[in-house]
Number of protein chains: 4
Amino acid sequence: MTDADLVELRRDLHRHPEPAWCEFYTTARLVDELEKRDLDALYVGSEALADDRVGVPDDGELSDWLDRARDAGAREDVLARLDGGHTGAVAVAERGDGPTVALRVDIDGLPITESTEADHAPAAAGFRSENEGYMHACGHDAHATIGVGVLDAILDSDFDGTLKVFFQPGEEKIVGGEPMATSGHLDDVDALLAVHVGLDHPTGQIVAGIDGFLAVSQFEATFSGSPSHAGARPEAGENAMQAAATAIGNLYGIPRHADGATRVNVGVIEGGTATNIVPERVRIEGEVRGETTELMEYIDEKARRVLRSAAEMHGCEVEIERAGTAPSAESDDDLREIVADVARDTSGVTSVLDTDHLGGSEDATYLMQRVQEGGGSAAYVGVGTDHPGGHHTSTFDVDEASIDVAVDVLSRSLIECARRRD
Amino acid sequence: MTDADLVELRRDLHRHPEPAWCEFYTTARLVDELEKRDLDALYVGSEALADDRVGVPDDGELSDWLDRARDAGAREDVLARLDGGHTGAVAVAERGDGPTVALRVDIDGLPITESTEADHAPAAAGFRSENEGYMHACGHDAHATIGVGVLDAILDSDFDGTLKVFFQPGEEKIVGGEPMATSGHLDDVDALLAVHVGLDHPTGQIVAGIDGFLAVSQFEATFSGSPSHAGARPEAGENAMQAAATAIGNLYGIPRHADGATRVNVGVIEGGTATNIVPERVRIEGEVRGETTELMEYIDEKARRVLRSAAEMHGCEVEIERAGTAPSAESDDDLREIVADVARDTSGVTSVLDTDHLGGSEDATYLMQRVQEGGGSAAYVGVGTDHPGGHHTSTFDVDEASIDVAVDVLSRSLIECARRRD
Amino acid sequence: MTDADLVELRRDLHRHPEPAWCEFYTTARLVDELEKRDLDALYVGSEALADDRVGVPDDGELSDWLDRARDAGAREDVLARLDGGHTGAVAVAERGDGPTVALRVDIDGLPITESTEADHAPAAAGFRSENEGYMHACGHDAHATIGVGVLDAILDSDFDGTLKVFFQPGEEKIVGGEPMATSGHLDDVDALLAVHVGLDHPTGQIVAGIDGFLAVSQFEATFSGSPSHAGARPEAGENAMQAAATAIGNLYGIPRHADGATRVNVGVIEGGTATNIVPERVRIEGEVRGETTELMEYIDEKARRVLRSAAEMHGCEVEIERAGTAPSAESDDDLREIVADVARDTSGVTSVLDTDHLGGSEDATYLMQRVQEGGGSAAYVGVGTDHPGGHHTSTFDVDEASIDVAVDVLSRSLIECARRRD
Amino acid sequence: MTDADLVELRRDLHRHPEPAWCEFYTTARLVDELEKRDLDALYVGSEALADDRVGVPDDGELSDWLDRARDAGAREDVLARLDGGHTGAVAVAERGDGPTVALRVDIDGLPITESTEADHAPAAAGFRSENEGYMHACGHDAHATIGVGVLDAILDSDFDGTLKVFFQPGEEKIVGGEPMATSGHLDDVDALLAVHVGLDHPTGQIVAGIDGFLAVSQFEATFSGSPSHAGARPEAGENAMQAAATAIGNLYGIPRHADGATRVNVGVIEGGTATNIVPERVRIEGEVRGETTELMEYIDEKARRVLRSAAEMHGCEVEIERAGTAPSAESDDDLREIVADVARDTSGVTSVLDTDHLGGSEDATYLMQRVQEGGGSAAYVGVGTDHPGGHHTSTFDVDEASIDVAVDVLSRSLIECARRRD
């Protein structure tokens, strides 16, 4: 694919942002491209994922997004393989007996309405989101494009080894990483690079290995009590509102941990029916994080105890469902060194940082951890791109010049990984 | 109107339940009937209400209900007089120099989906709600019908005095009582009867004067803080969720009062946007009640202090809006005696109770209080009716035989009031 | 005993106020008096009480009070019968075959330092408390005296029946009523009067039967967790302070009850050791009350659930100990009528009220309930007395003229009870 | 002073542990020793401290400790200079024109009862605490001794410069550091070493510069409301217990900070008078900490807002008093290097660590910060000592062999500091 083709692909994906497990058009478009290559295997949908998934939308919502993908021209035969929201793909190319190296890119969009301002390039150039209310506001359109570009660059090289490119769904809700990590496709990978554009780094800057991922676990807790008339029979209710309020107050009060940073947040709440009814049901959505997976598990365990005790205190039941999760992870020094060396020698790269601190969460860590546990190495590479608006805002955009830089740095780094490991 | 006509009217109203300030069809149908009588005045919409109203739906919702009323055949000229959701009416008939007596009935429905079961009479007999999701589940269709019936009965008698019948909107949300009470139309009333059917009393039973109304004030409080990323910048947010949780916990903890019963409830909550965002906005809806208006005001004042301090504690603002309110009230003994005397002498009445305790709230109390403050008397009369399902449930229905009983007892009581006061 | 003797007795008791289960001097002095009468039985200490008692001070404290009693001249042989803090007595006089009537008086003092002001009669007249820090600030010195006076008056009359006078310990801590009520001595009582002086009624006023006793149960709850250094290992503690704070917030939030008044209070708290230690232990003392015993039990059960869940939420244990309790009770109309009739005919009585509302708690209710359950009647009689300071304040005092009034009204009422029951 | 003299001095100080601002015997004993040296200045008591002090005991307690010091043989003329609890001293020796170097040692004991077990050396060898209930359980007896030893060693060397030794009171309550730091005596110091023995490092191990001090601020908050009878007038009270409970719950919930560790603890609580009284007064003692002074100030400001709003919410006042405080600080690399170099070359030193992480707080940081702000350098040196029991436990003791090691390392390091700075 030429640079112009890559830009065209990125813009097409940008026009069709889709949320977790609904990346129907995106997957179909990628599969359509990938099938044109000389691959040894292309795993699609449930072939690319373990069975156990969380956060899958209900049938109605899946069906709506499937219809949109169809209307946008997605191939029916591919859509059939994505049934039930099994999106994403893994492309495999074997070129000799060398080691197995891999790239992970994510492909989903966000529930953000894209800017229509004239100075927002996608609006001006006619590739603004066609899925109103949704937007590629974190550059995953570029990531998926880079995945195809890296594949082409390596197929076109003297690479000796096996290459796998993981097109991962559901990163924004941190639900896609775990089922892809446990699909089996990672088990023979010797070196894995993940990539993210932007993150406040300008075009031309490369971060060889990002660290500082907070392990995270999201939960949804539903308190269920009994309703009663708040005026006539206040004592007859079991008040889910009081249970939830007590839980929230105490969740934020879970003790800090001396071993490192922890986080807790209750981000969403809804419940009750009328001012004069003792509330029967209140639902909260929240999350806990830790600087390490152990710290996240510490606060997660305490949070569950708070939720259960608060329910019990007010005669309620509480159902706790795990939503998205991601462990902590660190980039390995050997890969960091390769990427830094390669980057310094790559045209278009103007500065190279050894590392940076993310301070947030990312479920690429599941894939990194899987590779590291199997004896391989992993690194999370930052590719600078001038972005006018911040990540997750309506005016986010990428500098398309950085796509080419990313493809160069990543493909040459993976080739070098294979060479050194050999 | 014949008994059969009254039943027909009740069933027509039953088919068209409408919520507070949206009683367009109901008001139009009543006005259409009332204009056929020899009235001295008929105040409609804003003529029947003071200007200051709370709980008025937004224009879109008003417009939807107006359309439904139009589609159901409401008279356009009447609808025009109800613009902006000024529903309800006051009918006045002067018959000599005697005192002014009045009846208050309410006319609104509830957001409850009516049963479709074969043993639910409205479903079986074809007058189930045509406004799906709404239902006359508290007998206000019967109340409005009784209003017309009483008017007819008195016009047809040797009544000496002035009769006013108040068709009050918005009782279920306790928003209609206050603007009707302060409209001026109550200021010359010497004796007021309000009526409610059912309340677990069987057909044939009359309660001469109900007491035990809890004064009530509903509120909506919106906490506004600042959002931030819960993982990356937890300290940068001002957490509206923590403010709301602290408020809720402390609202329920407002001290009991030695002078009588108080109540507090937070019935509805919603807020926040995502698990990883410190919540910027959380909205709660609640209410306070008291056995007397003073007790309600005691707990209301404390509740406002809790709401403000909880906001301040977490760096948030809180906007508190009053929603519906109603004072406490007591039925006067002179009217209670008249109603009891009349009832014992009325065909179809099988038992008479002097009083009963409501234990809930009702904004007829605003009208009762207005009359009592002006030197008149007021009583809240219960008219038994066999009702298969409980009030505010999907299978509630009235025994239509009780409509006639109510008309007889109330019309004869009002005539007697005028006679004794004279 | 002459009126002057009664005053002398009252002043001697006033000089020796003693708290619950430590009424050693008081009991010994009373026994010394009672043994001079022609009694059929005199039950002292453990003979007057059931075995099961709460709130008994530790041995050191009992021993201290025993020493004080000894130093004040109490008879050693009586003190020996009060071993272990089994204070109080029951005097029995049989005079014919008539019914068994009874009077209950309480005998304990309060931990209040008595005024030394010149206008405080006990200070001026030289009978101020000799037990510094303790005081008869609620008139129990007068009550005990009235008990002796009534006994004398009845022995001196043509009374036909059996008279029992109950000198009850530990009313202020509501710990004496239950073991005396279940001692067996109440089981054959046909009519019981209890008495209280003052209560804001002036000398000369009699309340024939007081109602409005709130049932009460006091508790002590100790939360135990694990300490840790709050700076170095905040996560290693199990925080009893957080458990207690959560419990307190939620105790006050236990829902009101539609059937009547409830109360909850956490009156005392102490715990923790240093600012830099996660608190291992926090102890609270509180109480719940209800307009009826059932309402008290409703809120008591909810309170225990709150305490247990709050402990669990923070990884703590909680030990809950019941302290004093008292049920609700109502004065019977038949006795109320007798007392009112007698009072209207008694010299020194200037006004008679049928009833009054206490609004607090009293463990005479245990004895009243016992008699009522056995088929007898009971009433709680108020005897007015001008009291300069309020009850439970350092300047409280009784008008000694009211002692004679009380003796007359109560003795003649009991004689009349026996007569009417016969 | 010989090594034996130093041991004798340490044991004498060990026998007389004294708390903050009561180090009368200790200061007098040290002054007595110091006056024997050829000093250029010796500042005692208020000469050694700025005026503004917190945590000073009341007159009665000061007077008690003064009496004990007197009884133990302290010199009256020195005690006179310590009036009002102005304890501590600064010794100054000028030896040429070289730089000013300084050592800071702390001198106070802890409210811990010392072990009487035979295997506890001070008990076995007869120098157990003579102030029962107090103990040198953190080695400050050794620190003060080391201060004298270092002074002697430097006076006995070819040191060129000025030496200041700070004998600081009140470290355990972190109240002595600030007034000594702002006394003016630190303002010309070019290099400051502070020292602590033990901290789980064995005899022979030196830590050249300890870091990881948490900035800390302790507070005492007293909530004052109005009492009322919890049964009869629950609404009439302003409940300080509810205010305190709400404050505690929300203090622990102050958001974590992305820039580093924060801490909050409520360590002590007491209040209320009886179960049936709405509590009028509840007092809490707590603390906030931060990895940096800024982080401590962040959480301190939030804590004050919580305390004030919680009081306001329940109609109470809150009085907040600052107790002890200490900033964060870091050891400077230049001094760390000198100490490490010297230590590696010192007899008795078996291992040298560049740094260690304290994880707690220490008010030597006030002195370190003062020197650093004036352009000087500072380091906090750890001197290992085998200690059988943990710090702040009843069996803590130091290996006296480490005193000599400390004197050697610190005196030679300070001499080297002067040399390199010159």
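Given the structure is predicted, the values throughout are model-derived calculations rather than measurements. (Residues numbered from 1 in each chain as written. Chains lettered and ligands numbered in written order. Predicted model: local features only at pLDDT ≥ 70, side-chain atom pairs only at ≥ 80, totals over all residues. Heavy atoms only, no water.)

## A word on the overall build of chain A
Okay, so step 1: Looking only at helices and strands, chain A features 12 helices and 12 strands.
Okay, so step 2: For chain A, whose C-alpha radius of gyration is 23 Å, the value lies close to the compact-globule estimate of 22 Å for 422 residues.
Okay, so step 3: Dimensions along the principal axes, computed over C-alpha positions, put chain A at roughly 80 × 50 × 40 Å.
Okay, so step 4: Out of the 422 residues in chain A, the part that is buried amounts to 63%.
Okay, so step 5: Nonlocal contacts in chain A, meaning residues at least 24 apart in sequence, comprise 83% of its contacts between residues at least 6 apart.
Okay, so step 6: When the accessible area of chain A is evaluated, it comes to approximately 14,200 Å², of which 43% is carbon and sulfur surface.
Okay, so step 7: Across chain A, the mean location of the 34 positive side-chain charges is 2 Å away from that of the 82 negative side-chain charges. (Helix = DSSP H or I, 4+ residues; strand = E, 2+ residues; numbered from the N terminus. Rg over C-alpha atoms; globule rule 2.2 N^0.38 Å. Buried < 20%, exposed > 50% of the residue type's maximum accessible area, 1.4 Å probe, protein only. Contact = heavy atoms within 4.5 Å. Areas by Shrake-Rupley, 256 points an atom, 1.4 Å probe, with all protein chains shown as cover. Lys, Arg positive; Asp, Glu negative; His and termini not counted. Charge placed at Lys NZ, Arg CZ, Asp CG, Glu CD.)

## Some details on the confidence of the model for chain A
Okay, so step 1: Per-residue pLDDT for chain A has a mean of 96; in total, 100% of the residues score no lower than 70.
Okay, so step 2: Confidence metrics for the complex model read pTM 0.91 and ipTM 0.88. (pLDDT = per-residue confidence, 0-100.)

## Observations concerning the state of the cysteines
Okay, so step 1: One pass over the structure, following the stated rule, counts 0 disulfides over all chains.
Okay, so step 2: Between cysteine 138 of chain B, a cysteine without a disulfide, and cysteine 22 of chain B, which holds the nearest cysteine sulfur, the sulfur-to-sulfur distance is 18 Å. (Disulfide = S-S within 2.5 Å.)

## Re the domain arrangement of chain A
Residue and element names in this part refer to chain A.
Okay, so step 1: Splitting chain A by domain gives domain 1 (3-213 + 329-421) and domain 2 (215-326).
Okay, so step 2: Taking only C-alpha atoms, the centre of domain 1 and the centre of domain 2 are 34 Å apart.
Okay, so step 3: At the junction of the two partners, domain 1 supplies 13 residues and domain 2 supplies 12 residues.
Okay, so step 4: Of the roughly 790 Å² buried where domain 1 meets domain 2, counting both sides, 43% is carbon and sulfur surface.
Okay, so step 5: Looking only at domain 1, the three residues that lose the most surface to domain 2 are Val54, Ile174 and Ser361, adding up to 50% of its buried area.
Okay, so step 6: Our count for the domain 1 to domain 2 interface comes out at 1 salt bridge.
Okay, so step 7: A salt bridge links arginine 322 to glutamate 178, with the nearest nitrogen and oxygen atoms 3.0 Å apart.
Okay, so step 8: Taken together, the links from domain 1 to domain 2 amount to 4 residue pairs in polar contact (both at pLDDT 80 or more).
Okay, so step 9: A per-element tally of the side of domain 1 that touches domain 2 places helix H11 (residues 364-373) first, with 3 residues. (Domains from an automatic or database assignment. Buried area = accessible area lost by both parts, 1.4 Å probe. Salt bridge = Lys/Arg side-chain N within 4 Å of Asp/Glu carboxyl O. Polar contact = N/O pair within 3.5 Å; in protein donor to acceptor, adjacent residues only side chain to side chain.)

## Describing the relation of the copies chain A and chain B
Okay, so step 1: Note on the identical chains: chain A maps onto chain B by a rotation of 180° and an axial translation of 0.0 Å, with an RMSD of 0.0 Å. In the structure described here, the two chain copies are related by an operation that fits a two-fold rotation axis.
Okay, so step 2: In this assembly, 100% of the residues forming the interface of chain A have copies in chain B that are likewise at the interface, indicating an isologous arrangement. (Least-squares fit on C-alpha atoms with pLDDT ≥ 70 in both.)

## Re the sheet that holds strand S1 (residues 41-44) of chain D
Residues and elements named next belong to chain D.
Okay, so step 1: Spatially, S1-S2-S4-S3-S5-S12-S6-S11 is the arrangement adopted by the 8 strands of the open sheet, whose pairing is mixed. Lying at the two open borders of the sheet, with one neighbouring strand each, are S1 and strand S11 (351-357). Mean inter-strand twist for the sheet, computed between neighbouring axes without regard to direction, equals 20°.
Okay, so step 2: Sheet topology note: the S1/strand S2 (residues 89-95) ladder contains 4 bridges and is antiparallel. Across the sheet, alanine 41 pairs through a bridge with valine 92, a residue of S2.
Okay, so step 3: Sheet contacts for helix H6 (residues 140-155): S2, strand S3 (100-106), strand S4 (161-168) and strand S5 (191-197); angle to S3, the most-contacted strand, approximately 155°. (Pairing = 2+ DSSP bridges. Axes fitted to C-alpha atoms, helices over the stretch in contact; angles between N-to-C directions.)

## Comments concerning the relation of the copies chain C and chain A
Applying a rotation about an axis and a shift along it to one chain copy brings it onto the other copy.
Okay, so step 1: You can overlay chain C on chain A at an RMSD of 0.1 Å; the transform is a turn of 180° with a shift of 0.0 Å along its axis.
Okay, so step 2: Mapped onto chain A, 100% of the interface residues of chain C are again interface residues, and the two copies thus contact each other with one and the same surface.

## What about the interface of chain C and chain A?
Okay, so step 1: The partner chain A presents 23 residues to the 23 residues of chain C that form the contact.
Okay, so step 2: When the two sides are added together, the surface that chain C and chain A hide from each other amounts to roughly 2,000 Å², 47% of it contributed by carbon and sulfur.
Okay, so step 3: Broken down residue by residue, the surface that chain C buries against chain A is led by Glu235, Arg305 and Met313 of chain C, which jointly contribute 30%.
Okay, so step 4: Viewed at the interface, chain A and chain C are joined by 4 salt bridges.
Okay, so step 5: For the salt bridge of arginine 305 of chain C with glutamate 238 of chain A, the shortest nitrogen-to-oxygen distance reads 3.5 Å.
Okay, so step 6: The tally of links between chain C and chain A comes to 18 residue pairs in polar contact (both at pLDDT 80 or more).
Okay, so step 7: Of all the secondary-structure elements, those providing two or more residues to the side of chain C that touches chain A are helix H8 (240-252) and helix H9 (293-313) of chain C.
Okay, so step 8: The element best represented in the side of chain C that touches chain A is H9 of chain C, accounting for 7 residues.
Okay, so step 9: Here the residues of the side of chain C that touches chain A sort into 8 nonpolar, 8 polar and 7 charged. (Nonpolar A, V, L, I, M, F, W, Y, C, P; charged D, E, K, R; others polar.)

## Focus: unusual backbone geometry
Okay, so step 1: In the Ramachandran plot, leucine 199 of chain B falls in the positive-phi region, its phi being about 55° despite a non-glycine side chain.
Okay, so step 2: Backbone geometry at tryptophan 21 of chain C places phi at a positive 70°, although glycine is not the residue there.

## A closer look at the environment of arginine 81 of chain B
Okay, so step 1: Note on placement: arginine 81 of chain B falls in helix H4 (residues 76-81).
Okay, so step 2: Residues arginine 81 of chain B and phenylalanine 24 of chain B, 57 residues apart in the sequence, show an inter-C-alpha distance of 9.8 Å.

## Some words on the interface of chain A and chain B
You'll often see interface size given as the accessible area lost when the parts meet.
Okay, so step 1: In this complex, chain A contributes 36 residues to the contact, which on the side of chain B involves 36 residues.
Okay, so step 2: Together, the buried faces of chain A and chain B total about 2,500 Å²; carbon and sulfur atoms form 58% of this surface.
Okay, so step 3: Three residues stand out in chain A for area buried against chain B, namely Met241, Ile269 and Thr275 of chain A, and they jointly supply 24% of the buried area on that side.
Okay, so step 4: Run the count over chain A and chain B and you get 16 residue pairs in polar contact (both at pLDDT 80 or more).
Okay, so step 5: Where the side of chain A that touches chain B is concerned, the elements lending two or more residues are helix H8 (240-252), strand S8 (262-272) and strand S9 (281-290) of chain A.
Okay, so step 6: The dominant element in the side of chain A that touches chain B, judged by the number of residues it contributes, is S8 of chain A, at 9 residues.
Okay, so step 7: Class assignment for the residues of the side of chain A that touches chain B results in 16 nonpolar, 15 polar and 5 charged.
Okay, so step 8: Direction of pairing for S8 of chain A relative to strand S8 (residues 262-272) of chain B: antiparallel, over a ladder of 5 bridges. Looking at S8 of chain B, one finds that glutamate 270 of chain A is bridged to glutamate 270 of chain B.

## A look at a negative patch on the surface
All names here are of chain A.
Okay, so step 1: On the surface, a cluster of negative charge is contributed by Asp58, Asp59, Glu61 and Asp64.
Okay, so step 2: Tracing the chain through its elements places glutamate 61 in helix H3 (residues 59-71).
Okay, so step 3: The class of glutamate 61 is partly exposed, set by a relative accessible area of 32%. (Patch = residues over 30% accessible without salt bridge, like charges linked within 9 Å, V, L, I, M, F, W, Y side chains within 5 Å.)

## Focus: helix H10 (residues 333-344) of chain D
Helical geometry note: an α-helix holds 3.6 residues per turn, so side chains three or four residues apart project in the same direction.
All names here are of chain D.
Okay, so step 1: Its 12 residues place the ends of H10 16 Å apart at the C-alpha level, agreeing with the 16 Å of an ideal helix rising 1.5 Å per residue.
Okay, so step 2: Along H10, the positions that sit buried rather than exposed are Leu335, Arg336, Ile338, Val339, Ala340, Val342 and Ala343.
Okay, so step 3: Against the buried residues of H10 lie S5, strand S6 (205-211), S11, strand S12 (377-383) and helix H12 (401-421). (Expected span 1.5 Å × (residues − 1).)

## Topic: the pattern of salt bridges
Pairing between side chains becomes possible if they bear opposite charge and their charged atoms approach one another.
Residues and elements named next belong to chain D.
Okay, so step 1: On inspection of all chains with the given rule, the structure shows 180 salt bridges over all chains.
Okay, so step 2: The partner of glutamate 33 in a salt bridge is lysine 36, with the nearest N and O atoms 3.6 Å apart.
Okay, so step 3: We classify glutamate 33 as buried; its relative accessible area is 7%.
Okay, so step 4: Given a relative accessible area of 57%, lysine 36 falls into the exposed group.
Okay, so step 5: In this structure, aspartate 211 and arginine 336 form a salt bridge, with 3.0 Å as the shortest nitrogen-oxygen distance.

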